[in-house]
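For reference, the chains in residue letters:
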Amino acid sequence: MKVNFDTYEEYLFERYGEWADGQSLFMKLVEEMGEIAEVLNCKAGRKSAGDKDLDAELGAELADAIHYIIAIAAVNNIDLNKTIIEKDKLGSVKYGHKINLEGFIKKKENSV
Ligand SMILES: [Mg+2]
């Protein structure tokens, strides 16, 4: 099963849309960013990790952060899928990339 932004946004809008605002979700995102920093500190040896599986921990914390990023988009009615494509297109031009995300997706779709 693959997750897509549109479905994830709809799902999180159902969860948060009635009561949450972007600011409260942003505070949760900041908490999650701290948890990502803690795992990265453990991976770099700056903090004791015990017997934790740090790759699994990092994946879980990244998933938490993505959850709140998408939730913020959902409660603000932002079409994140469209915005990511447009933003990547601008960045690709600005930084002179050979291919942008839209082109990459089309290339992948045509190769199947
Ligand atoms: Mg977390």
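Residues numbered from 1 in each chain as written. Predicted model: local features only at pLDDT ≥ 70, side-chain atom pairs only at ≥ 80, totals over all residues.

### As for the domain arrangement of the protein chain
Taken domain by domain, the protein chain consists of domain 1 (1–78) and domain 2 (79–112). Taking only C-alpha atoms, the centre of domain 1 and the centre of domain 2 are 24 Å apart. With 6 residues of domain 1 at the contact, the number on the domain 2 side is 4 residues. Those elements giving two or more residues to the side of domain 1 that touches domain 2 turn out to be α1 (5–16) and α3 (54–75). Counting residues per element, the side of domain 1 that touches domain 2 draws most heavily on α1, at 3 residues. Looking at the side of domain 1 that touches domain 2, its residues break down into 4 nonpolar, no polar and 2 charged. (Domains from an automatic or database assignment. Contact = placed C-beta atoms within 7 Å. Helix = DSSP H or I, 4+ residues; strand = E, 2+ residues; numbered from the N terminus. Nonpolar A, V, L, I, M, F, W, Y, C, P; charged D, E, K, R; others polar.)

### Notes on the packing of helix α2 (residues 22–43) against α3
Following both chains from N to C, one finds α2 and α3 inclined at 160°, their axes separated by 9 Å at the closest point. Our classification of the angle between α2 and α3 gives roughly antiparallel. The chirality of how α2 crosses α3 is left-handed. Listed contacts from α3 to G22, L25, F26, K28, L29, E32, M33, E35, I36, V39, C42 and K43 of α2 are L54, E57, L58, E61, L62, D64, A65, Y68, I69, A71, I72 and V75. Taken together, the residues of the contact of α2 with α3 break down into 16 nonpolar, 1 polar and 7 charged. (Axes fitted to C-alpha atoms, helices over the stretch in contact; angles between N-to-C directions. Parallel < 35°, antiparallel > 145°, perpendicular 65-115°, else oblique. Left-handed = near helix turned anticlockwise from the far one by under 90°.)

### Focus: helix α4 (residues 80–95)
Taking 1.5 Å of rise per residue, 16 residues should cover 22 Å, and α4 covers 22 Å from first to last C-alpha, within 8% of that figure. By the criterion of burial, α4 is predominantly exposed, with just 0 of the 16 residues buried. One or two positions beyond α4, positive phi appears at G96, with a value near 65°. (Expected span 1.5 Å × (residues − 1). Buried ≥ 20, exposed ≤ 12 C-beta atoms within 10 Å, placed from the backbone.)

### Some points on the environment of E38
Position of E38 among the secondary structure elements: in helix α2. By C-beta crowding, E38 is classed as partly exposed, having 16 other C-beta atoms within 10 Å. E38 sits 22 residues away from A60 along the chain, and the two C-alpha atoms are 12 Å apart.

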